[in-house]
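Coordinate inspection notes
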Amino acid sequence: MGMAEPAYTVASDSETTGEEKSSSAFPEIAIGIDVGTSKCSVAVWNGSEVELLKNNRNQKMMRSYVTFKDDIPSGGVSNQLSHENEMLSGAAIFNMKRLIGRVDTDPVVHSSKNLPFLVQTLDIGVRPFIAALVNNVWRSTTPEEVLAIFLVELKAMAEVQLKRPIRNVVLTIPVSFSRFQVTRIERACAMAGLHVLRLMPEPTAVALLYAQQQQQAVHENIGGASEKIALIFNMGAGYCDIAVTATAGGVSQIKALAGSTIGGEEILQNMMRYLLPDSEILFSNHGINEIKSMGLLRVATQDAIYKLSSQTSVQIDVDLGNELKICKVVDREEFEEVNRKVFEKCESLIMQCLHDAKVETKDVADIIAVGGCSYIPKIRNLVMSICKRQELYKGMNPLEAAVCGAALEGAVASGISDPFGSLDLLTIQVTPLAIGIRVEENNFVPIIPRNTTMPTRKELSFTTFRDNQIEVLIVVYEGEGEKVGKNHLLGYFKIMGIPPAPKGVPEINVCMDIDASNVLRVLAGVVLPGSRHPAIPVMEVRMPTVDDGHGWCAEALDRTYGSALDLVTVQKKI
Amino acid sequence: MWKSKVWNLTLLSTILRRRPTLLSISHFQSNSTSPFPSPSFSTISRISNFDFLGNPSFSGKTFCSESAEKSHVHVRCWSCGNVANGSLFLFCDSCRSIQPLDQSVDYFQIFGLERKYDIGVENLEGKYKDWQKKLHPDLVHSKSEKERGFAAEQSARVIDAYRTLSKPLLRAIYIMSLEGVDVDEEETLSDPELLSEILEIREAVEEAADSQELNQIQSQMQEKLDHWSNSFANAFQCRKFEEALNSIRRMTYYQRVNEEIVKKL
Ligand SMILES: [Zn+2]
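Throughout this document, residue positions are counted from 1 along each chain, in the order its sequence is written. The lettering of chains begins at A and the numbering of ligands begins at 1, in the order of writing. Side-chain atom pairs in this predicted model are given and counted only at pLDDT of 80 or more, local residue features only at pLDDT of at least 70, and totals for whole chains, interfaces and linings cover all residues. Remark: hydrogens and water are excluded; side-chain values derive from all non-hydrogen atoms of the structure.

Examining the overall build of chain A
- For the purposes of this entry, the term helix denotes a DSSP run of H or I that reaches at least four residues, the term strand denotes a run of E that reaches at least two, and both are numbered from the N terminus. When you go through chain A residue by residue, the secondary structure sums to 14 helices and 28 strands.
- Compactness check: chain A gives a C-alpha radius of gyration of 25 Å against a globular reference of 25 Å for 574 residues, within 12% of the reference.
- When its C-alpha atoms are laid out on the principal axes, chain A stretches across 75 × 60 × 55 Å.
- The buried share of chain A, taken over its 574 residues, is 59%.
- A separation threshold of at least 6 residues defines the contact pool for chain A, and within that pool the share at least 24 residues apart is 67%.
- As displayed, chain A has an accessible area near 22900 Å², and 51% of this comes from carbon and sulfur atoms.
- When charges are counted, Lys and Arg are positive and Asp and Glu negative, with His and the chain ends excluded. The atoms used to mark charge sites are NZ of Lys, CZ of Arg, CG of Asp and CD of Glu. Positive and negative side-chain charges of chain A, numbering 55 and 67 respectively, have mean locations separated by a distance of 2 Å. This radius of gyration counts C-alpha atoms alone. The globule rule is 2.2 Å times how many residues there are, raised to the power 0.38. Any residue under 20% of the maximum accessible area for its type is buried, any over 50% is exposed, and the rest in between are partly exposed; the area is computed with a 1.4 Å probe on protein chains only. In what follows, residue pairs with any heavy atoms lying within 4.5 Å of each other are defined as contacts. To be clear on the numbers: accessible area is Shrake-Rupley with a 1.4 Å probe, and residue cover counts the displayed protein chains and nothing else.

Description of the domain arrangement of chain A
All names here are of chain A.
- Assigned domains within chain A: domain 1 (17-197) and domain 2 (435-569).
- Relative placement of domain 1 and domain 2: their C-alpha centres are 34 Å apart.
- Tallying the contact residues gives 16 residues for domain 1 and 19 residues for domain 2.
- Buried area is a sum: the accessible area each of two parts loses on coming together, probed at 1.4 Å, counted once for each and added. A buried area of about 1200 Å², summed over both sides, lies between domain 1 and domain 2, and 52% of it is on carbon and sulfur atoms.
- Salt bridge, as applied in this entry: a Lys or Arg side-chain nitrogen positioned within 4 Å of an Asp or Glu carboxyl oxygen. The interface formed by domain 1 and domain 2 includes 1 salt bridge.
- Whenever two N or O atoms come within 3.5 Å, that pair is a polar contact, provided that in protein one can donate a hydrogen and the other can accept it, and provided that, for residues adjacent in sequence, both atoms are side-chain atoms. For the interface between domain 1 and domain 2, the tally reads 2 residue pairs in polar contact (both at pLDDT 80 or more).
- Take the side of domain 1 that touches domain 2: its biggest share by element is 5 residues, from helix α5 (residues 179-191). Each domain's extent is set by a domain assignment, obtained either automatically or from a database.

Quick notes on the nonpolar core
- Counting 88 residues, the largest nonpolar core has Ile33, Leu151 and Leu154 of chain A as the members making the most contacts within it.
- If we ignore the near neighbours within four places in the chain, the residues touching Ile33 of chain A are Cys40, Ser41, Leu151, Leu154, Val169, Val170, Leu171, Thr172, Leu194, Val403 and Ala406 of chain A.
- Val105, Tyr117, Leu124 and Val205 of chain B belong to the second-largest nonpolar core, a separate cluster that totals 57 residues. Here, the term nonpolar core denotes a set of buried Ala, Val, Leu, Ile, Met, Phe, Trp, Tyr and Cys residues that are joined through side-chain atoms within 4.5 Å.

Notes on the side chain of Thr453 of chain A
- Considering the arrangement of structural elements, one finds Thr453 of chain A in the loop between β21 (443-448) and β22 (456-464).
- Polar contacts involving the side chain of Thr453 of chain A include one to the side chain of Gln253 of chain A, which spans 3.4 Å.
- Leaving out residues up to four positions away in the same chain, Thr453 of chain A has contacts with Gln253, Ile428, Gln429 and Val430 of chain A together with Tyr128 and Ile159 of chain B.

A few points about the sheet that holds strand β5 (residues 65-67) of chain A
All names here are of chain A.
- A pair of strands is considered paired only if DSSP assigns at least 2 bridges between the two. The strand order across the open sheet formed by 3 strands is β6-β5-β7, and the pairing between neighbours is antiparallel. Lying at the two open borders of the sheet, with one neighbouring strand each, are β6 (74-75) and β7 (92-94).
- Judged from the 2 bridges that link them, β5 and β6 form a sheet pairing that is antiparallel. Bridge pairing in β6 places Val66 opposite Gly75.
- Axes here refer to lines fitted to C-alpha atoms; in helices the fit is confined to the stretch in contact. Angles between the N-to-C directions go from 0 to 180 degrees. With respect to the sheet, helix α4 (residues 143-162) is in contact with β5, β6 and β7, its orientation differing from that of β5 by roughly 95°.

A few points about the pairing of strand β1 (residues 31-35) of chain A
All names here are of chain A.
- The buried count for β1 comes to 5 of 5 residues, which makes it a mostly enclosed element.
- Residues Ile31, Ile33 and Val35 line one face of β1 and the alternating positions Gly32 and Asp34 line the opposite face, and both faces are buried.
- Where β1 meets strand β11 (residues 168-173), 3 bridges bridge the pair, whose relative direction is parallel. Its bridge partner being in β11, Gly32 is matched across the sheet by Val170.
- Note: β1 against strand β2 (residues 39-45), 4 bridges, orientation antiparallel. Paired with Asp34 across the bridge in β2 is Ser41.
- Connecting β1 to the antiparallel partner β2 that follows it, the hairpin turn spans 3 residues.

As for the environment of Phe233 of chain A
All names here are of chain A.
- The topology assignment puts Phe233 in strand β13 (residues 228-235).
- Sequence separation between Phe233 and Arg57 is 176 residues; the distance between their C-alpha atoms is 30 Å.
- Those residues in contact with Phe233 that sit more than four places away from it in its chain are Cys240, Asp241, Ile242, Cys346, Ile350, Ile368, Ala369, Val370, Ile379 and Val383.

What to know about the coordination of the zinc ion
Residue and element names in this part refer to chain B.
- A 2.8 Å cut-off from the metal defines N, O and S donors, relaxed to 3.2 Å for Na, K and Ca; water is not in the atom list, so some sites may appear incomplete. Distances from the zinc ion to its protein donors, Cys77 (SG), Cys80 (SG), Cys92 (SG) and Cys95 (SG), fall at 2.2 to 2.4 Å.
- In this scheme the shape depends on donor count and angles: four donors with every angle between 85 and 135 degrees give tetrahedral, four or six donors with opposite pairs above 155 degrees and others between 65 and 115 give square planar or octahedral in turn, and any other case is irregular. One can describe the site at the zinc ion as tetrahedral: its 4 donor atoms subtend angles covering 104 to 113° at the metal.
- All donor residues of the zinc ion come from one chain, and their arrangement in sequence is C-x2-C-x11-C-x2-C. With Cys80 in the loop between α2 (63-70) and α3 (107-110) and Cys95 in the loop between α2 and α3, this residue pair connects regions lying 15 residues apart in the sequence.
- Of the residues examined, Cys95 reaches a relative accessible area of 27% and is grouped as partly exposed.

Below, the structure is given as structure tokens:
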């Protein structure tokens, strides 16, 4: 890449969405990418099996970060310098997967303020101010930009190795990602010149790999051909995701998904706070020395956590500068106590997922624990003890399972077939989060419940809140909260020109449709009693509609409109 | 307290139609095979945009009606021209092309079952997965837009068929609809005895102190559901449709109680 060329190109958003343009006779095989919060990997179907690509330092796992140092930012794929050193200068931005598509009121953004670069919030529902320190000047950036720069490098690396241009990718995403966050990921891919063929919730990629392995076992007459239920626990640095899948004949039907933003980062921050209780105050000014101290503390703590996976205690000895020294022995029990809440949350997620899947632990054939955190003994134990098992599934590399699944999906979705039937695979996905609308008193009414098999279409009836109400506002949210404030805003539109009628009379039907390409459409129509025809033209809106910096929230709506445009759910008849 | 409205053809689906894209792929059918108990998007082409009635590009000739006429004659694969044996033709075995939706094939036929209420649900999932492996839109990503449209429709219909047949209440409503008897799920409860029973149970659910109590009510509901499921089976077999409808009504209410319990658990 020449010096004058930009590191990435900006393509239009529409390029990444919807139907792809061409289908040639020899489809290119989409590569699988697992962009982790901390590390990233790329894999591709090589004609007979999945192969992980390596960078020029022979690494399969590359650090997910970008350094803004010279004119051209560089990422963890090609950069020769070590991440640890760059982290100390404030020039490296990482954890973009935790930050992408989040507004500055989000707790995850708040918990990112003690990263060794700048994350500032105004708490008004706009994008946070994120910046890298370059020659003593804060250079602002966005998670999308950072991710795009990183993806450009990954793309270049894959193109060199595969000796062909790369365009189609299958990306893994966390279960708890909202559809708005998904658009940000697609945006980053478009900036990097990549087309997203599929986005797979991480544990469903693992489920596909599992389906392939089971299919292989059937072919080799090791296992029976009957259906097997597996629980997949996937916890990396940024997210904890669970899936229950029922597999037979190479088809993985996802029974339920559950996800949360707890991960290794939270464990790390808990430990840093434990080692240096007032670290956040000490480092809040983000001076060059403070950043260095934050970086050093981070590296030392991370190292200690790794060691505690194999040893029962660890000696931490680090000089943070500014006369701050930490010299402490931490044992595994302390570590587990400090992170008790994280582990409890993991347990409750597993329970919730089993409950949603309507599966009893005795019916679970295999328990699969993957992701970086699956090396933590406490995590392994809690997963096994909930399922009342003595051991975990052994057939997968915990760090490579998701990217291998993504590569399999890449081959399957590209229409590649394998003479030995290794690609005779399918994942039937479900909705990871409920999608619904806002009704009176800021309540959230799901229209498509979570864990609904896709594609799907659901409809609910509503009515007006006031007499002669001629407009209603359809506000679409995604999430599990009973109040809309807890959920992700996807967009909104008004239905206007409703014929005046007493409250409760107009029948306002809201329909949600997720098609085979995972595109969400919301339709709203009004029918008056006694009529079979719509009172006004039906509105159809593709979601999400919100864009960056939407400082829009339930309170703002309340302040401006009160209940003037509210909808009311139609009460169930008895 | 809201309740999912049945996918009722007097609602949006009558108001809206999908625009036939390249071909006149099926539109919804406004005949008696509906309403389906669950959101049955399968009656609507899923690949293109909604459009309003009277869209000039709407040909008016739907595939459904066309295929209904033809189903007992010869069906040819649109892609290779191979003649299908039998009326069930979702997928061409000789060229592996997915065929257009044929509404004359009912859910029981899709699963290779006799049209009766008592079916072994344990075998459904395997058959469902077999179909999805042939029909799922994910697997035809590199094929033509036309075939992708067929895949979306066929796969959605198989999902619907699976969901409908695997749940006793939905299966009961569906098999009645095949006999031309429609079930009005929205009807107001008029039987005072059943009404007071339901109110009583609901009160018990509201006031249940812990999950143990809820579980107890749930297993009572399950017993009642099993009982009325048997009554339905008998009534249906003897073609006593009034009795069958009564069983469905009972099942509907006990089912709703169960849903309330699940929400609280
Ligand atoms: Zn054919």
